[in-house]
Amino acid sequence: MFNLFKKIIYMLFVVLSTLHACYVRVLLDSGPVEEMGEKQFVVADKKFLCVFKDTLLSCNGKQLNKNGLRISPKDSKFWYQDTCYSGDLALIVQEKRWYVINNIPLEEYVYSVLRSESWPGWPLEVNKVFAIMVRTYAVHKILAAQSMKKKPLYDIKSTNIHQTYKGLHNFDHLMQAVQETQNIIITYHKRPIIAMYDSCCGGIIPAHISGFDFKSDPYLARPYACEYCSECKLYSWQISFEQTALIELLETEFSGLKHIKDVRVTTDKAGKVTEIEVRTGRSHKKISGATMYRLCKDIRSFCYTIKKEEKIFKFTGKGFGHHMGVCQWGVRAMVKKGFTEKQILDYYYPGTELMKLVKVEPQRSLTSADT
Ligand SMILES: [Zn+2]
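Residue positions within a chain follow its written sequence, with the count starting from 1. With the structure being a predicted model, the display of local features is reserved for residues of pLDDT at least 70 and the display and counting of side-chain atom pairs for 80 or more, all residues being used for whole-chain, interface and lining totals.

Student: What am I meant to see in the overall build of the protein here?
Tutor: Per the secondary structure count, the protein includes 8 helices and 23 strands. For the radius of gyration, the atoms used are the C-alpha atoms, and the globule rule reads 2.2 Å times the number of residues raised to 0.38. Here the C-alpha radius of gyration of the protein, 23 Å, is about what a compact globule of 371 residues would show, namely 21 Å. By principal-axis analysis of the C-alpha atoms, the protein measures approximately 65 × 60 × 40 Å. In this description, any two residues whose backbone-derived C-beta atoms lie within 7 Å of each other are considered to be in contact. Within the protein, counting contacts between residues at least 6 apart in sequence, those at least 24 apart form 68% of the total. Only DSSP runs of H or I with at least four residues qualify as helices, and only runs of E with at least two residues qualify as strands; both kinds are numbered from the N terminus onward.

Student: I tried to follow the sheet that holds strand 12 (residues 156-157) on my own but got confused; where do I start?
Tutor: Two modes of strand pairing occur in sheets, parallel and antiparallel, and in both the strands are linked by backbone hydrogen bonds. On the basis of which strands lie adjacent, the open sheet formed by 5 strands has the order 7-10-11-2-12 and mixed pairing. Strands with a single pairing partner mark the edges of an open sheet, and in this sheet they are strand 7 (69-71) and strand 12. With 2 bridges joining them, strand 2 (residues 23-32) and strand 12 adopt parallel strand pairing. When the bridges of strand 12 are listed, Leu-27 appears paired with Lys-157. Between the N-to-C directions of two axes lies an angle of 0 to 180 degrees, each axis being a line fitted to C-alpha atoms and, for a helix, fitted only over the stretch in contact. Across the sheet, helix 2 (residues 106-117) touches strand 2 and strand 11 (97-105), and the angle it forms with strand 11 is around 100°. Should DSSP find at least two bridges between two strands, the strands are taken to pair.

Student: Please explain the sheet that holds strand 21 (residues 312-318) as it appears in this structure.
Tutor: A sheet is described by the order of its strands in space; here 3 strands give the open sequence 16-21-20, paired in antiparallel fashion. If you trace the sheet from one side to the other, it starts and ends with strand 16 (236-242) and strand 20 (303-309), each paired once. Each strand axis lies, on average, 20° off the axis of its neighbour in the sheet, ignoring direction. Pairing geometry for strand 16 and strand 21, over 7 bridges, is antiparallel. In the sheet register, Gln-238 faces strand 21, and the bridge partner there is Thr-316. Along the sheet, helix 5 (residues 243-250) contacts strand 16 and strand 21; its crossing angle with strand 16, the most-contacted strand, is approximately 95°.

Student: Is there a simple way to think about helix 8 (residues 341-348) in this case?
Tutor: An α-helical turn contains 3.6 residues, so any two residues separated by three or four positions project in the same direction. Exposed residues have 12 or fewer other C-beta atoms within 10 Å of their own C-beta, buried residues have 20 or more, and residues in between are partly exposed; the C-beta atoms are placed from the backbone. Of all the residues in helix 8, the buried ones are Glu-341, Ile-344, Leu-345 and Tyr-348. Here the buried residues of helix 8 occupy an arc of 90° about the axis, which is enough to place them on one side. The arc refers to the directions leading from the helix axis to the C-beta atoms.

Student: It is not clear to me how the nonpolar core should be interpreted in this structure. Could you clarify?
Tutor: In globular proteins that are soluble, nonpolar side chains generally tend to be buried together. A set of buried Ala, Val, Leu, Ile, Met, Phe, Trp, Tyr and Cys residues, joined through C-beta atoms within 7 Å, is what we mean by a nonpolar core. The biggest cluster of nonpolar side chains holds 90 residues, and the ones touching the most others in it are Val-26 and Leu-114. It is helix 3 (residues 124-147) that provides the largest number of residues to this core, a total of 11 residues. An automatic or database domain assignment provides the domain bounds reported here. Inspection of this core shows a minimum of three residues originating in each of domain 1 (2-195 + 325-357) and domain 2 (233-318). The contacts of Val-26, once residues within four sequence positions are left out, are Ile-101, Asn-102, Ile-104, Tyr-109, Tyr-154, Ile-156, Ser-158 and Tyr-165.

Student: Even after reading the chapter, I still don't get the environment of Ile-299, so can you show me in this structure?
Tutor: Positionally, Ile-299 belongs in the loop between helix 6 (289-295) and strand 20. When the C-alpha atoms of Ile-299 and Ser-240 are compared, they prove to be 10 Å apart, with 59 residues separating the residues in sequence. Contacts of Ile-299, omitting those with residues within four sequence positions, involve Met-292, Tyr-293, Tyr-304, Phe-315 and Gly-317.

Student: Can you walk me through the packing of helix 3 against helix 7 (residues 328-336) in this structure?
Tutor: Packed helices, taken two at a time, are described by their axes: the angle between them and the distance between them. Between helix 3 and helix 7, the shortest axis-to-axis distance is 9 Å and the interhelical angle comes to 135°. Compared by their axis directions, helix 3 and helix 7 come out oblique. Of the two possible hands of crossing, helix 3 and helix 7 adopt the one that is right-handed. Between helix 3 and helix 7, the residues in contact are Glu-125, Val-126 and Val-129 and Val-331, Arg-332 and Val-335, respectively. Three categories are distinguished: nonpolar for Ala, Val, Leu, Ile, Met, Phe, Trp, Tyr, Cys and Pro, charged for Asp, Glu, Lys and Arg, and polar for the others, with Gly belonging to the last. For the contact of helix 3 with helix 7, a count of residues per class yields 4 nonpolar, no polar and 2 charged. For classification purposes, an angle smaller than 35 degrees is called roughly parallel, one larger than 145 roughly antiparallel, one from 65 to 115 roughly perpendicular, and anything else oblique. Crossing handedness is read from the near helix: turned anticlockwise from the far helix by less than a right angle, it gives a left-handed crossing, and turned clockwise, a right-handed one.

Student: When you look at helix 2 in this model, what are you seeing that I'm missing?
Tutor: By this rule, a helix spans an expected 1.5 Å times one less than how many residues it contains. When the terminal C-alpha atoms of helix 2 are compared, their 16 Å separation across 12 residues agrees well with the 16 Å that a helix rising 1.5 Å per residue should span. Turning to helix 2, its buried residues number three or more, namely Leu-106, Tyr-109, Val-110, Tyr-111, Ser-112, Val-113, Leu-114 and Glu-117. Check the buried side of helix 2 and you find it contacts strand 2, strand 11, helix 3 and helix 4 (174-179).

Student: Which parts of the structure should I look at to understand unusual backbone geometry?
Tutor: In terms of backbone geometry, most residues other than glycine have negative phi values and most peptide bonds are trans. Even without a glycine there, the phi angle at Glu-95 is positive, about 50°. Within the secondary structure, Glu-95 is located in the loop between strand 10 (88-94) and strand 11. For Lys-96, which is not glycine, the phi torsion reads 65° and is therefore positive. Assignment of secondary structure puts Lys-96 in the loop between strand 10 and strand 11. For Lys-96, a count of 10 C-beta atoms within 10 Å gives the class exposed.

Student: Honestly, the confidence of the model for the protein in this entry has me stumped. Any pointers?
Tutor: Reading predicted coordinates in detail is not appropriate for stretches of low pLDDT. As a per-residue quantity, pLDDT reports the predictor's confidence and falls between 0 and 100. Overall, the predicted model of the protein reaches an average pLDDT of 89, with 91% of residues at or above 70. Every residue in residues 1-21 scores below 50 in pLDDT, and together they form 42 contacts with partners more than four places removed in sequence or on other chains. Here residues 360-371 is modelled with pLDDT under 50, and outside its nearest four sequence neighbours on either side it reaches 34 contacts, counting other chains as well.

Student: Even after reading the chapter, I still don't get the packing of helix 2 against helix 3, so can you show me in this structure?
Tutor: Two elements in contact, helix 2 and helix 3, have axes whose closest approach is 9 Å; the angle formed by their N-to-C orientations is 120°. Taken together, helix 2 and helix 3 sit at an angle that is classed as oblique. Pair helix 2 / helix 3 crosses with right-handed handedness. Contact with helix 2, carried on its side by Leu-106, Tyr-109, Val-110, Val-113, Leu-114 and Glu-117, involves Asn-127, Phe-130, Ala-131, Val-134, Arg-135 and Ala-138 of helix 3 and no other residues of that element. Partitioned by chemical class, the residues of the contact of helix 2 with helix 3 number 9 nonpolar, 1 polar and 2 charged.

Student: Would you mind going over the domain arrangement of the protein with me for this structure?
Tutor: Domain annotation of the protein identifies domain 1 (2-195 + 325-357) and domain 2 (233-318). Relative to domain 2, the C-alpha centre of domain 1 lies at a distance of 36 Å.

Student: When you look at the environment of Asn-67 in this model, what are you seeing that I'm missing?
Tutor: Relative to the helices and strands, Asn-67 is located in the loop between strand 6 (62-63) and strand 7. Measuring from C-alpha to C-alpha, the distance between Asn-67 and Phe-212 comes to 38 Å, with 145 residues separating the pair along the chain.

Given below as structure tokens:
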């Protein structure tokens, strides 16, 4: 299937500032120094036990300098909190916070994230599209970090706030998707895009979503509905709450709430919930759609309605995720229908093009001492 890519005429993309993009610095963990406790890292058979006490960071009883702990394992592997990672490791204390950072080659990072942000069992062509998205998102974050006045210690977070990264895995077949798309990214006006994606868009039109500034990222303002994700179970979903369960759910926002007469939902043009009004009979209480999404893990997306039927509150929604960018279930269906990676990405990010990163010789390492 590599031939598909040969048909695409890539323009070379000369990355800004000789690119650190060959490596990505991933934040694995962080917190206030007073709550750091003991942090243990294992490299080969050697343990590194780090603590922060009396304004100083020490490791295995030895005081560390202001650069903290920096390790470049010879076999490129280390363990932290029951997970094995490849690449370099750094524990840094700065401005009363501690940070555990993993410095890893970009392509290895893409391979790792593919395991957690996609369905490894889906066809190769689907995972190739995902690999391009994951790589593009990371490069965008790297360049954003580089452009900041105050240089951050890391480029990207390891949670789904950015992309879920869980270190090494054994799904070796995903490497093919990474290798066959090596260094390929999505660009808009020759800049890497912020390649947002969700699981199933539910047919919501992103351009109609309120509260998002599309001016700087017009490729996210897709003005038509995706027609390819209806096979997903969560294309439309429903959950029900008895009154007591809904009161319990809202407890942290409305203390003393004992009775709900009705619930009214305000949505934007896309169907995204902007506000929920809880009517008790005597008064009205309001919460934002974002707060409701945070309170209830069973709400799968931002677009839904709520109806009271006798004593039951029925939530009926569309899709799984935030409805922006690529719809992963849509990609799966488009691949089945024979669309190419370029066609699929152009469908979800209108006006973009594929380019290839160049100058990817390693530029940077966290290393100050080998183990
Ligand atoms: Zn979709």
